[in-house]
Amino acid sequence: MKSVATRKRKKQGDYFFDYTLLFIVLFLLGFGLIMVYSTSFYDASMTASLNYDGAYYLKHQAMAAVLGLAAMMVVSRIPYHFWEHFALLGYLVSAVLIALVLTPLGITANGATRWLNLGVSVQPAEIAKLCMILFLASFICKIGKGIRSFRGFFLVLALPLPICLMVWQITDNMSSAIIIFGIAFLMLFVASPEYKRFLLLGAAGIAVAVFAVFAILQMDRMGNSLDFRSNRILAWLNPEQYATGTGFQTLQSLYAIGSGGIFGKGLGQSMQKLGFLPEAQNDMIFSIICEELGLFGGIAVILLFILLCWRFMVIANNASDLFGALLVVGVMGHIAIQVILNIAVVTNTIPNTGISLPFISYGGSSVMFLLIEIGLVMSVARGIRLKAV
């Protein structure tokens, strides 16, 4: 009897499955669907092009979530080393898809051409984020100790730049370009022991940002005409002065957060979503969460993302090899950077730019590819062998 019980324990301890990770993802996904419906119902029910269907955004988001969950389960069952063979191909394919935005396949919405019509609407920038994680994890493993050299270090930083520039210039999506480079920076930080270089790069980046803001302020004082992004920086510094223009969305977002108080007005009771806050179901959904569920709801969402990143760290620390660990770090970097930037934009901590809140904001491509990335993480977790007790 004892040997049978021991064999059962060994069989059960063959691989690790992170139920906590799965629960957090499913909870965020379900909560996101509720908030998308709550946030978009009024706008959708008043829009003729959407057939006055209040559940229009919910239906599309739910369909993307179902497809994403199916893809997540399939990817989680495939050994993650299988994807290493397609790392370079993914890098090249993502570049081609971004370039295709300039062709008749490109779809324009809200004044920006960032999507492709491939039977379904797909955003190439989301594909590029996933492919960049795979490519850099594979490349860093191949160069090995060469990453410690000056050449290897800056080569890893240079490889994402062509994709970042294409995303920025072709799709006019600077926020996604920043996220892609941020993913690369974090993966390099984890893989490289040369921390002094990161301090120098960080200091240089801060200096460039401060100089850029100073230069824009000087140009504005001199009466020079500024582009749209420069005006966003001015609106960030003084949103009230630009209340009828680039500062309008930021001010409405701050009104929503402030009016929610500690426990909020109640689910579905937001006032800002009634035509005051543009595209509230997209980048500004966190402000509606704060208005309806209060500071309590906003902090709860942040804590869930912190717990999610903690599970990523546990899996990365116990991964069976460097490739698996880097994949998890890349996914963690993608989600963490996007959450930080989204909340920073909503609270006017940084200039306004289009960054969605993972799993919660409306966006089919984003949800689908985020769930595929979670599938990769679960595949790495399955490779963790547990000792029988």
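Computed from a predicted model, the values in this text were never measured in an experiment. (Residues numbered from 1 in each chain as written. Predicted model: local features only at pLDDT ≥ 70, side-chain atom pairs only at ≥ 80, totals over all residues. Heavy atoms only, no water.)

Here's the deal with a nonpolar patch on the surface
Okay, so step 1: A surface patch of nonpolar side chains, amounting to about 750 Å² of accessible area, comprises Ile 262, Phe 263, Leu 295, Phe 296, Ile 299, Leu 303 and Ile 306.
Okay, so step 2: Structurally, Leu 295 is set in helix H12 (residues 285–318).
Okay, so step 3: Residue classification places Leu 295 among the partly exposed positions, given a relative accessible area of 46%. (Patch = residues over 30% accessible without salt bridge, like charges linked within 9 Å, V, L, I, M, F, W, Y side chains within 5 Å. Areas by Shrake-Rupley, 256 points an atom, 1.4 Å probe, with all protein chains shown as cover. Salt bridge = Lys/Arg side-chain N within 4 Å of Asp/Glu carboxyl O. Helix = DSSP H or I, 4+ residues; strand = E, 2+ residues; numbered from the N terminus. Buried < 20%, exposed > 50% of the residue type's maximum accessible area, 1.4 Å probe, protein only.)

Quick look at unusual backbone geometry
Okay, so step 1: Positive phi, close to 60 degrees, is recorded for Asn 51, a residue that is not glycine.
Okay, so step 2: With respect to the element layout, Asn 51 can be found in the loop between helix H2 (19–45) and helix H3 (56–77).
Okay, so step 3: A relative accessible area of 64% places Asn 51 in the exposed class.
Okay, so step 4: The phi dihedral of Phe 359 falls on the positive side, at around 70 degrees, and the residue is not glycine.
Okay, so step 5: Checked against the element boundaries, Phe 359 lands in the loop between helix H13 (322–346) and helix H14 (364–382).

Description of the pattern of salt bridges
Pairs can form between side chains of opposite charge whenever their charged atoms are close.
Okay, so step 1: Evaluation of the coordinates by the stated rule reveals five salt bridges.
Okay, so step 2: The salt bridge involving Glu 291 is made with Lys 265; its shortest N-O contact spans 3.0 Å. Of this pair, Glu 291 sits in helix H12 while Lys 265 is found in the loop between helix H11 (248–260) and H12, placing the two residues 26 residues apart along the sequence.
Okay, so step 3: Residue classification places Glu 291 among the buried positions, given a relative accessible area of 0%.
Okay, so step 4: For Lys 273, the salt bridge identified is with Glu 292, shortest N-O distance 3.0 Å. A residue pair is termed long-range when its members are at least 10 positions apart, and Lys 273 in the loop between H11 and H12 and Glu 292 in helix H12 qualify at 19 residues.
Okay, so step 5: Overall, the relative accessible area of 8% leaves Lys 273 in the buried class.

Things to note about the pairing of strand S1 (residues 106–109)
Okay, so step 1: Across four bridges, S1 lies against strand S2 (residues 112–117) in antiparallel orientation. Opposite Thr 108, over in S2, you have Thr 113 as the bridge partner.
Okay, so step 2: Between S1 and S2, which pair antiparallel one after the other, the connecting turn spans two residues, and Asn 110 there sits at a positive phi close to 55 degrees. (Pairing = 2+ DSSP bridges.)

Considerations on the sheet that holds S2
Adjacent strands of a sheet form backbone hydrogen bonds with each other and so pair up, either parallel or antiparallel.
Okay, so step 1: With antiparallel pairing, three strands are arranged side by side in an open sheet as S1-S2-S3. If you trace the sheet from one side to the other, it starts and ends with S1 and strand S3 (121–122), each paired once.

Some points on the pairing of S2
Note on strand geometry: in a regular strand, side chains alternate between the two faces of the sheet.
Okay, so step 1: Inspection of the sheet shows S2 paired to S3 by two bridges, in the antiparallel sense. Bridge pairing links Asn 117 to Ser 121 in S3.
Okay, so step 2: Counted between consecutive antiparallel strands, the loop separating S2 from S3 contains three residues, among which Gly 119 sits at a positive phi close to 90 degrees.

Remarks on the environment of Lys 265
Okay, so step 1: Judged by its relative accessible area of 34%, Lys 265 is partly exposed.
Okay, so step 2: Along the chain, Lys 265 and Val 328 lie 63 residues apart, while their C-alpha atoms are 38 Å from each other.
Okay, so step 3: Among all residues touching Lys 265, those that are not within four sequence positions of it are Ser 259, Gly 260, Met 271, Glu 291 and Glu 292.
Okay, so step 4: A polar contact of 3.0 Å, which involves the side chain of Lys 265, links it to the side chain of Glu 291. (Contact = heavy atoms within 4.5 Å. Polar contact = N/O pair within 3.5 Å; in protein donor to acceptor, adjacent residues only side chain to side chain.)

As for the nonpolar core
Okay, so step 1: Counting 101 residues, the largest nonpolar core has Phe 305, Leu 308, Phe 312, Ile 335 and Phe 359 as its most contacted members.
Okay, so step 2: Looking at this core element by element, the count peaks at 15 residues for H13. (Core = buried A, V, L, I, M, F, W, Y, C linked by side-chain atoms within 4.5 Å.)

Remarks on the packing of aromatic side chains
Okay, so step 1: Enumeration according to the criterion identifies 17 aromatic pairs in this entry.
Okay, so step 2: Judged by centre distance (5.1 Å) and plane angle (75 degrees), the rings of Phe 153 and Phe 154 are edge-to-face.
Okay, so step 3: Owing to a relative accessible area of 32%, Phe 154 belongs among the partly exposed residues under this scheme.
Okay, so step 4: Taken together through their ring pairs, the aromatic side chains of Phe 150, Phe 153, Phe 154, Phe 185, Phe 189, Tyr 195 and Phe 198 make up a single cluster.
Okay, so step 5: Geometry around Phe 153 places Arg 197 over its ring, the cationic atom sitting 5.0 Å from the centre.
Okay, so step 6: The ring of Trp 310 carries the charged tip of Arg 311 above its face, separated from the ring centre by 4.5 Å. (Phe/Tyr/Trp six-rings, centres within 6.5 Å; stacked < 30°, edge-to-face > 60°. Lys NZ or Arg CZ within 6 Å of the ring centre and 35° of its normal.)

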